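# Tertiary structure, described
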Amino acid sequence: MASERVFGLSGPFHLTVVDWKNIHHRRSIAASLVQGVYTLECDRQENLQGPHALAPPWWDFFHFQLIRELVDEADHSIFGAIYEFRCPSSYPNHFGQHQNPPKYVIAFRGTIPKSSTGSQDLRLDLKVIGNRLEESSRFLLAMQAVQNMVAFAGAANTWLAGHSLGSAIALLAGRNMVKMGCHLESYLFNPPFISVPVERIKHEKLKHGVRFLSSAITAGLAIAINGRDQSSQTQYPFAALSTWIPYLFVNPSDPICSEYIGYFEHREKMVTIGAGAIERLATQNSVASQLSGALGKEKEPSHLLPSAYMTINRCPCPDIMQAHGIQQWWKLETTSTLAARLHQFT
């Protein structure tokens, strides 16, 4: 809706004073910067420029400046943006440890269902489903931008943020940077989890039974195809990711991301019943990846994470559009419906 693009109508304009220690403030700002990318692309499509542009308030309000737009080579749409924090004179001269605002934020939008962008966005959505996002020109451009910014400013000064398809890009970029020894603070809103929707099963025992059976089958298939010695092939790279703890934001009413809830809960249950080894093996191997591995095309599932600081928005949503929407993550009234928990496995 057009009103959601107008910062003064739907943005977190209540944040006149930002406490960078406050995760709710950081979440709201990261989501706003992602919305800035959505609005940038809508402004481009509608040729809104200068004082008529709707995008600038989404970053100006928080003292960020747009320094670069990331443009898809295929459809020439703006899919990402790099922002620089410009500290105003009214800000304190010193921030204590873990209180610093980021010097740079790289944000990525999700799918925009319009004729000028929808076809390319849909092709990338299908690549996410097929675990082939890494092969796309959009991701390669995003990855190069992330590497260049980290080389220039350092990992400690750079944030990643994304929503939906943009969250998948940010997640994959963050994973790749961990493998290069760089841990980026990351805000992943409604990231796609590619799986059978087990979380939609309401009977808890049945749901746990389905997940346990799936883990056992996946682990068995991995051993049958790759042999028993998994440690030298895939276990270490996945375990190494456990030191990266991105902020993950999901809604149980959103079928695109809700499987993350069951994914982390199931891992904890498997450890509790003494089946942690089975789950560790199953986690780093999907059935699809193992079958492709048999054909010499094995790829690590890019949506899986060993660790995350997951925030669940349990506010009832009337429809999937609201459950998947980015706007829920900056609204003041959302704060009381959030439940956050650290999940970390090695």
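You'll find the protein chain entered in an unreviewed UniProt entry as Fungal lipase-like domain-containing protein, with Escallonia herrerae given as the organism.

## Things to note about the overall build of the protein chain
When helices and strands are counted, the protein chain shows twelve helices and eight strands. Per-residue burial over the protein chain gives 51% buried out of 346 residues. Look at the contacts in the protein chain between residues 6 or more apart in sequence, and 77% of them connect residues 24 or more apart. Summed over its atoms, the accessible surface of the protein chain is roughly 15700 Å², and 58% of this surface lies on carbon and sulfur atoms.

## Describing helix H6 (residues 165-179)
In a regular helix each residue adds 1.5 Å, so 15 residues correspond to 21 Å; H6 covers 22 Å between its end C-alpha atoms and thus fits that length. Most of H6 is tucked away: 14 of the 15 residues are buried. The first or second residue beyond H6 is Gly181, which carries a positive phi of 90°.

## A few points about the pairing of strand E4 (residues 158-163)
For E4, the tally of buried residues reaches six of six residues, placing the bulk of the element in the interior. Going residue by residue along E4, you find Thr158, Leu160 and Gly162 tucked away on one face and Trp159, Ala161 and His163 tucked away on the opposite face as well. Sheet topology note: the strand E3 (residues 104-108)/E4 ladder contains five bridges and is parallel. Bridging from a neighbouring strand, Val105 pairs with Trp159 of E4. Here five bridges tie E4 to strand E5 (residues 185-189), and the two strands are oriented parallel to one another. Within the sheet, the bridge partner assigned to Ala161 lies in E5 and is Tyr187. After leaving E4, the chain enters H6 and then returns to the sheet as E5, a path that is right-handed.

## Comments concerning the packing of aromatic side chains
In the structure shown here, the tally under the stated rule is 23 aromatic pairs. Relative to Phe85, the ring of Trp20 lies with its centre 5.9 Å away and its plane at 80°, an arrangement referred to as edge-to-face. Note that Trp20 is positioned in the loop between helix H1 (7-10) and helix H2 (23-46) and Phe85 in strand E2 (residues 78-85), a separation of 65 residues in sequence. Assigned by exposure class, Trp20 and Phe85 land together as buried. On the numbers, 4.8 Å between centres and 20° between planes, the contact of Phe189 with Phe249 is stacked. Of this pair, Phe189 sits in strand E5 while Phe249 is found in strand E6 (residues 247-250), placing the two residues 60 residues apart along the sequence.

## Examining the sheet that holds E5
Overall, mixed pairing links the eight strands, which are arranged E1-E2-E3-E4-E5-E6-E7-E8 in an open sheet. Strands with a single pairing partner mark the edges of an open sheet, and in this sheet they are strand E1 (64-71) and strand E8 (338-344). Going from strand to strand, the sheet's axes swing by 15° on average, the running direction of each strand aside. The pairing of E1 with E2 spans seven bridges and is antiparallel. Bridged to Phe64 within E2 is Phe85. Packing against the sheet, H2 makes contact with E1, E2, E3, E4, E5, E6 and E8, and its axis sits at approximately 130° to E2.

## Some points on the side chain of Thr311
When you line up the elements, Thr311 lands in strand E7 (residues 307-313). Overall, the relative accessible area of 5% leaves Thr311 in the buried class. What Thr311 contacts, discounting residues up to four positions off in sequence, is Leu248, Phe249, Val250, Trp329, Leu338, Ala339 and Ala340.

## Re the environment of Glu84
Take Glu84: it is sitting in strand E2. Classification of Glu84 by relative accessible area gives buried; the value is 18%. In this structure, the C-alpha to C-alpha distance between Glu84 and Val105, residues 21 residues apart in sequence, is 6.6 Å. For Glu84, the side chain forms a polar contact with the side chain of Arg86, separated by 2.9 Å.

## A few points about the packing of helix H5 (residues 137-153) against H6
Contact geometry of H5 with H6 gives a least axis separation of 10 Å together with a crossing angle of 50°. One way to sum up the angle between H5 and H6 is to call them oblique. You can see that H5 and H6 cross each other, and the crossing is right-handed. Seen from H5, the contacting residues are Arg138, Phe139, Ala142, Met143, Val146, Gln147 and Val150; seen from H6, they are Leu165, Ile169, Leu172, Ala173, Asn176 and Met177. Residues that form the contact of H5 with H6 fall into these classes: ten nonpolar, two polar and one charged.

## Regarding the side chain of Arg26
Relative to the helices and strands, Arg26 is located in helix H2. Side-chain polar atoms of Arg26 contact the backbone oxygen of Trp20, separated by 3.0 Å. Within the structure, the side chain of Arg26 is placed 3.0 Å from the side chain of Tyr247, a separation counted as a polar contact. Setting aside chain neighbours within four positions, we find Arg26 in contact with Trp20, Lys21, Trp159, Glu185, Tyr187 and Tyr247.

The rules we used
Residues numbered from 1 in each chain as written. Predicted model: local features only at pLDDT ≥ 70, side-chain atom pairs only at ≥ 80, totals over all residues. Heavy atoms only, no water. Helix = DSSP H or I, 4+ residues; strand = E, 2+ residues; numbered from the N terminus. Buried < 20%, exposed > 50% of the residue type's maximum accessible area, 1.4 Å probe, protein only. Contact = heavy atoms within 4.5 Å. Areas by Shrake-Rupley, 256 points an atom, 1.4 Å probe, with all protein chains shown as cover. Expected span 1.5 Å × (residues − 1). Pairing = 2+ DSSP bridges. Right-handed = clockwise from strand over helix to strand, strands pointing away. Phe/Tyr/Trp six-rings, centres within 6.5 Å; stacked < 30°, edge-to-face > 60°. Axes fitted to C-alpha atoms, helices over the stretch in contact; angles between N-to-C directions. Polar contact = N/O pair within 3.5 Å; in protein donor to acceptor, adjacent residues only side chain to side chain. Parallel < 35°, antiparallel > 145°, perpendicular 65-115°, else oblique. Left-handed = near helix turned anticlockwise from the far one by under 90°. Nonpolar A, V, L, I, M, F, W, Y, C, P; charged D, E, K, R; others polar.

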